[in-house]
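Observations on chain architecture
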Amino acid sequence: ADAEAEAEAEAEAEAEAEAEAEAEAEAENSVANLSRELDDHLDSDLLPLFIEESKDILSAVFESLEQWKADEEALAGVVDLQREMHTLKGGARLADVDVIANLADANLRAIEAFLDGEMSEYGALQALSYKAHATLSAMLAGLLVGQPALPADPLIAEFEELLQRSAHTTPSVQVDIERQTEGTVSSQTSSDDDDWDLEVLEMFSEEAKELIEALENNLSEWALNPAEQSFNQEIQRVLHTLKGGARLASLDTLADASHDLESRLIKGFESGEALEGDLKELVMKAQDRLHELVTAFTSGKQELAESDASPEKKPETQTSDLTSSEKVVASPRNPVPAKKPKPVKKSDQRPAQQETVRVGANLIDALVNLAGETSISRGRLEQQISDFGFTLEEMGATIERLREQLRRMEMETEAQVLYRAEQEGFNVSEYEEFDPLEMDRYSSIQQLSRSLTESTTDLLELRETLANRARDAETLLLQQSRINSELQEGLMKTRMIPFSSMVPRLRRIVRQISGELDKKVEFEVSNAEGEMDRSVLERMIAPLEHMLRNALDHGIESKADRATSGKPESGTIHLSLSREGGDIALRMKDDGAGIDDQRILKKALDQGLVQSDVQVTRQDILQFIMLPGFSTAEQVTQISGRGVGMDVVASEIKQMGGTITIDSMLGKGTEFTVRLPFTVSVNRALMVSTGEDFYAIPLNTIEGIVRVSPFELEEYYKADAPPYEYAGQNYKLQYLGSLLHNAHQPKLKGQPLPLPVILVRGAEMPMALQVDSLMGSREIVVKSLGPQFGNVHGVSGATILGDGSVVVILDLPALIRDESAGVLDLLDQDAPVHEQGNATPLVMVVDDSVTVRKVTTRLLERNGMDVVTAKDGVDAIAQLQDCKPDVMLLDIEMPRMDGFEVASLVRHDERLKDVPIIMITSRTGQKHRDRAMAIGVNEYLGKPFQEQDLLAKIEAVRIENKFMTH
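These figures come from a predicted structure and were not determined experimentally.

What follows deals with empty space enclosed by the protein. Under the definition given, this model contains four cavities of 30 Å³ or more. Of the voids in this model, the second largest cavity is the one considered here, and its volume is about 50 Å³. Elements that contribute at least two residues to the lining of the second largest cavity include exactly β18 (842-846), α27 (850-862) and β20 (887-890). Looking at the lining of the second largest cavity residue by residue, the classes come out as seven nonpolar, one polar and two charged.

Written as structure tokens, this is what we have:
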């Protein structure tokens, strides 16, 4: 029994254990099932997201591959490809698409090996990357339609094989390439890359493309007319330019190939050879060779362009006969393999070069001109807004005057109501609590009075609205002004090129001419990185070259002379560029023999350029070398000394609005200083006035501005007056109006303050010019006067002010030269003499009513008179300081100062006391008339006036005043 009980207990325990095990297994299965369900749910959510993301990634991969293929030297496409593959691999792992992740990982590892410099077979890597892109696209397309992605094991194996092959062969490949290109590419790149002028290369790259295009076009046209030798000459010119640029860029292979073809064409031209047979075949092969070299260079493969410059080939390429030319161009399709640049690590990568767009110079000039026109339009709009604001102020004053008149009208109306009630026996005591107006019916005039008051309030609100709109317009114009200034500055920068681009050409001139003259010369340039306007720099090339030739030929002494003088054997020419205000200053200084002023003076006396009894300063003597045909050279050479050149230099500089000065010391050296405007289209000028005329004077012609008291000016204007002295320099002081030969005279009497005097720079004769007033400097847009005014002396152009008026830009140095030569006097003698009586009369209209001023102005202008207006007495007195009218039309009732006060001040002013005054007023009473006549008013008219009556009065007082004056 005990045994059975134990057996049953054991059976029960085993059953319980089995039941627990089954429960645990069920629990584990349920957890596993739940986990699988969660994973399936997660995958189902991630896969659509991954598919959408993969579309963009693969598109970016293709763009990176295309960028890499287009520019194999730049690594920007490879870096982008690496980043996209890394993103694709991570997304595929997260979405549990391992087949895509594995392929992306294989491609990624190969790209990283390439970037780390561990792979040389970039072509194979590029091809496999394209193949991987196609495979990945196919996998993605299958996922889109619900098909599983198949593994790409063969392609992954190709990537692995490429990595293993590159790891074993890269060192030997590099050694083999270096052995093939020994003495050519490696030596040149190691010695020249450090000082490789990137700017010259960049400039020549664009020029070379144009020259190759011109070469192909001319060859095509020559092939159609083989016997036409003009095409031969044109091709020679193109090749010569290409050769010179290639030499400057240190591309000797391209330069030699151009030279060889040019030499062969010269022989063909001398013998009249047509483009046929062997010559045609040779020229076409040479064209292909040049095209390959230029293409290799412009695409960044400088090593390929230089690979033929080996020591074995160099003697052959230097010959210019047909045989050597054929050797150079015989096999253009098989160039020496070039060494691929070793890929750099990501930390050493340079950013991709900024893209550039080539734009024609004519288009840039047109855009600059349009920007100038925009500035002019904006200035005119600003002036109109300013005038609008002034009109609003007058409108406000008119509204206030109207409100005052309505208030008085209401008072008069109320008084009339009370008076009428009193006359009609209205019993006020019975209706004490009522106002008389409340008991009387409003008359029409009372209703109109109330309506006018309301209208006045409406007008005031409208004025406030207009004032707000005017302020908004001013704010917008200010913003537009800033934008326009930035636009104009940006356009001006597109026309700027560094002065350093011109330095290599000047260095070659110094090197060649010093060699011909057997002189040692060091050419130093400072601040060559400064920029100049393209048009100014291009026009300055010839003057600078001639100044260099003069310095080398006349300035720097021979070796023996320098040794005798105790100077170093090597001479020095120093060229500097600096910015002075709105000007560019070029200074060329040498340590040569200097200029012998006595020799120049003797030559000038022999040629009759100066009288022997005239005292001339050293500065005046040095100016003679600027005259046409003037030279002190003992013999004529090809370099200089022909008597022409410096006059052309001075003329060219003056045409650009610049100046040239000379400073020399015998035995020490000579310095030329050339000042040029920063740009020829936009300039800064000082606005001045003489009388009623306004002029613009470029700031680069102004040495300084001083103020002189009227009493001193009276002494300087006398016939025997001494010259005006300032800062140790003597100036001939003159009024600008007299220099311009107009009718204006200086206003010296009654002037309490000193008057401005402008010291002129760049003139042969130092001169100080007095003006009536200065109106500040401003940036002006220079406009050409056209052929109609091309012969006008002393005028360099014109500009347009904000009010639309045209202001002439004066060329003061030219005016002073013409004045000293008597040119302007001859022009005055030829000009017809006009009678003073036929001059257009100037009438001043003084009235506080805008309507009266406008109506009167139109009437007088229709009848051939000039009109100036003033809004009140104070404004009239201020304007009378600047002008003297022939007749004044004066109102009596005006704010700030009435007509009686104005008339009294005019009659007590020594300068204005004879100005006829016609009073036009609504006060027609005898008392007002008598007071006006007592003050000295000539005529008295009431408002409204008859037009013919006013015109008759004006003519009568003018004739009377003219008679009394005489």
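Bringing the packing of aromatic side chains into the picture now. The final tally for this structure, using the stated rule, is two aromatic pairs. An angle of 45° between the planes, with centres 5.7 Å apart, marks the rings of W68 and F114 as tilted. Of this pair, W68 sits in helix α1 (residues 2-70) while F114 sits in helix α3 (residues 98-115), placing them 46 residues apart in sequence. When its relative accessible area of 6% is taken as the criterion, F114 is described as buried.

What follows concerns the sheet that holds strand β2 (residues 520-526). Across the sheet, five strands lie side by side as β2-β4-β5-β7-β6; this open sheet has mixed pairing. The sheet terminates laterally at β2 and β6 (659-665), the two strands that pair on one side only. Averaged over all pairs of adjacent strands, the angle between strand axes in this sheet comes to 15°, irrespective of strand direction. Sheet topology note: the strand β4 (residues 570-580)/strand β5 (residues 583-590) ladder contains eight bridges and is antiparallel. Each bridged residue has a counterpart across the sheet, and for L577 the counterpart in β5 is L586. The strands that helix α17 (residues 503-517) touches are β2 and β4; relative to β2, the one it contacts most, it runs at about 165°. Sitting on the sheet, helix α18 (residues 534-555) is in contact with β2, β4, β5 and β7 (669-677), with an inclination near 15° to β5.

Pairing within the open sheet is parallel, and its five strands lie in the order β19-β18-β20-β21-β22. With partners counted over all chains shown, the strands left at the sheet margins are β19 (866-870) and β22 (939-942), one partner each. Taken over all neighbouring pairs, the strand axes of this sheet differ in orientation by 20° on average, direction set aside. Two strands pair when backbone bridges link them, and strand β21 (residues 917-921) and β22 are joined in this way by four bridges, in the parallel orientation. Bridging from a neighbouring strand, I920 pairs with L941 of β22. Its contacts with the sheet put helix α29 (residues 899-907) on β20 and β21, and the angle it makes with β21 is roughly 180°.

One pass over the structure, following the stated rule, counts 33 salt bridges. Close ionic contact of E262 with K243 constitutes a salt bridge, the shortest N to O distance being 3.2 Å. Taken together, the residues span a long stretch of sequence, with E262 in helix α9 (residues 252-270) and K243 in helix α8 (residues 229-248) at a distance of 19 residues. For E262, a relative accessible area of 9% gives the class buried. A salt bridge links R562 to E557, with the shortest nitrogen-to-oxygen separation between them at 2.9 Å. For E557, a relative accessible area of 11% gives the class buried. Taken together, the shared-partner salt bridges connect K89, D105, R109 and E160 into one network.

Once that is clear, we can look at the pairing of β5. Two faces make up the sheet, and in a regular strand the side chains alternate between them. Taking burial as the measure, the eight residues of β5 include six buried ones, the bulk of the element. Alignment of β5 against β7, held across eight bridges, turns out to be antiparallel. When the bridges of β7 are listed, D590 appears paired with T670.

Here the focus is the packing of α8 against α9. In contact at an axis separation of 8 Å, α8 and α9 are set at 155° when each is read in the N-to-C sense. In terms of orientation, α8 and α9 fall into the roughly antiparallel class. For α8 against α9, the interelement crossing comes out left-handed. Across from Q229, N232, Q233, I235, Q236, L239, H240, L242, K243, A246 and R247 in α8, the residues of α9 making contact are D252, L254, A255, D256, S258, H259, L261, E262, L265, I266, G268 and F269. Of the residues that constitute the contact of α8 with α9, the class distribution is ten nonpolar, eight polar and five charged.

Our next topic: the confidence of the model for the chain. Summary statistics for the chain give a mean pLDDT of 76 and a share of 78% for residues scoring 70 or more. Below pLDDT 50 for its whole length, residues 170-196 participates in 26 contacts with residues either more than four positions away or in separate chains. Segment residues 823-838: pLDDT under 50, and 13 contacts once partners within four positions in sequence are set aside and those in other chains are kept.

Quick look at α8 now. Counted at 1.5 Å a residue, the expected span for α8 with its 20 residues is 28 Å, and the 29 Å between its end C-alpha atoms agrees. Along α8, the positions that sit buried rather than exposed are Q229, F231, N232, I235, Q236, V238, L239, L242, K243, G245 and A246. Note on α8: the residue one or two positions beyond its end, S250, has a positive phi of about 65°.

Examined against the element boundaries, L950 turns out to sit in helix α31 (residues 947-965). The buried category is assigned to L950, whose relative accessible area is 0%. With eleven residues separating them in the primary sequence, L950 and E939 have C-alpha atoms 9.8 Å apart. If near-sequence neighbours (up to four positions away) are discounted, L950 is found in contact with T856, L859, L889, I920, L941 and F945.

So, on to the nonpolar core. When a protein is soluble and globular, its nonpolar side chains tend to lie buried together. Counting 47 residues, the largest nonpolar core has F499, L544, I573, I660 and L676 as its most contacted members. A per-element tally of this core places α18 first, with nine residues. Ignoring any residue separated from it by four or fewer positions in sequence, one finds F499 in contact with A528, G530, E531, M532, L537, L544, L575, L577 and L586.

What follows covers a nonpolar patch on the surface. Residues V359, L363, L367 and L370 make up a contiguous nonpolar surface patch of about 340 Å² in total accessible area. Within the fold, V359 resides in the loop between α13 (322-329) and α14 (361-423). By relative accessible area, which is 44% here, V359 ends up partly exposed.

Quick look at the pairing of β19 now. Pairing of β18 with β19 involves five bridges; the strand directions are parallel. Within the sheet, the bridge partner assigned to V843 lies in β19 and is V867. Handedness of the β-α-β unit built from β18, α27 and β19 comes out right-handed.

Relative to the assigned elements, G594 resides in the loop between β5 and α20 (597-606). A sequence separation of 76 residues divides G594 from T670, and the C-alpha atoms of the two residues are 5.1 Å apart. Contacts of G594, omitting those with residues within four sequence positions, involve S664, M665, L666, G667, G669 and T670.

Analysis parameters
- Residue numbers run consecutively from 1 along every chain, following the written order of its sequence.
- Local features in this predicted model are restricted to residues of pLDDT 70 or higher, and side-chain atom pairs are both shown and tallied only at a pLDDT of 80 or more, whereas totals for entire chains, interfaces and linings draw on every residue.
- Side-chain numbers come from the whole structure's heavy atoms, not from hydrogens or water.
- The way it works is a 1 Å grid over only the protein atoms, where trapped points that fit a 1.4 Å probe form a cavity and open points with protein on both sides within 12 Å along at least five of seven lines form a pocket, and then any residue with an atom within 4 Å of a point lines it.
- Grid points are joined across faces, edges and corners, and a volume is the space filled by probe spheres set on the points.
- To qualify as a helix, a DSSP run of H or I must reach at least 4 residues; to qualify as a strand, a run of E must reach at least 2; elements of each kind are numbered from the N terminus.
- Gly counts as polar in this scheme, as do all residues outside two lists: the nonpolar Ala, Val, Leu, Ile, Met, Phe, Trp, Tyr, Cys and Pro, and the charged Asp, Glu, Lys and Arg.
- Stacked, tilted and edge-to-face pairs are distinguished by plane angle, under 30 degrees for stacked and over 60 for edge-to-face with tilted covering the rest, among Phe, Tyr and Trp rings (Trp via its six-membered ring) whose centres lie within 6.5 Å.
- A simple rule labels every residue: compare its accessible area, found with a 1.4 Å probe on the protein chains alone, to the largest value its type can have, and call it buried under 20%, exposed over 50%, or partly exposed in between.
- In this scheme, strands are said to pair when DSSP sees at least two bridges between them.
- Angular values range over 0 to 180 degrees, each being the angle between N-to-C directions of two axes fitted as lines to C-alpha atoms, with helices fitted over their stretch in contact.
- We call two residues contacting when some pair of their heavy atoms lies within 4.5 Å.
- A carboxyl oxygen of Asp or Glu within 4 Å of a side-chain nitrogen of Lys or Arg is what we treat as a salt bridge.
- Roughly parallel refers to an angle under 35 degrees, roughly antiparallel to one over 145, roughly perpendicular to one between 65 and 115, and oblique to any angle outside these ranges.
- For any helix crossing, the convention is left-handed if the near helix is rotated counterclockwise from the far helix by under a right angle, and right-handed if that rotation is clockwise.
- A residue's pLDDT is the confidence the predictor assigns to it, expressed on a 0 to 100 scale.
- Expected span, for any helix, means 1.5 Å times one less than how many residues it has.
- Here the nonpolar core consists of buried residues drawn from Ala, Val, Leu, Ile, Met, Phe, Trp, Tyr and Cys, with membership extended through side-chain atoms lying within 4.5 Å.
- Exposure above 30% relative accessible area and the lack of any salt bridge qualify a residue for a patch; like charges then connect within 9 Å, and the nonpolar side chains Val, Leu, Ile, Met, Phe, Trp and Tyr within 5 Å.
- Note that accessible areas follow from Shrake-Rupley with a 1.4 Å probe, and for residues the cover is restricted to the protein chains shown.
- When the strands point away from the viewer and the connection leading from the first strand across the helix to the second strand turns clockwise, the crossover is called right-handed.

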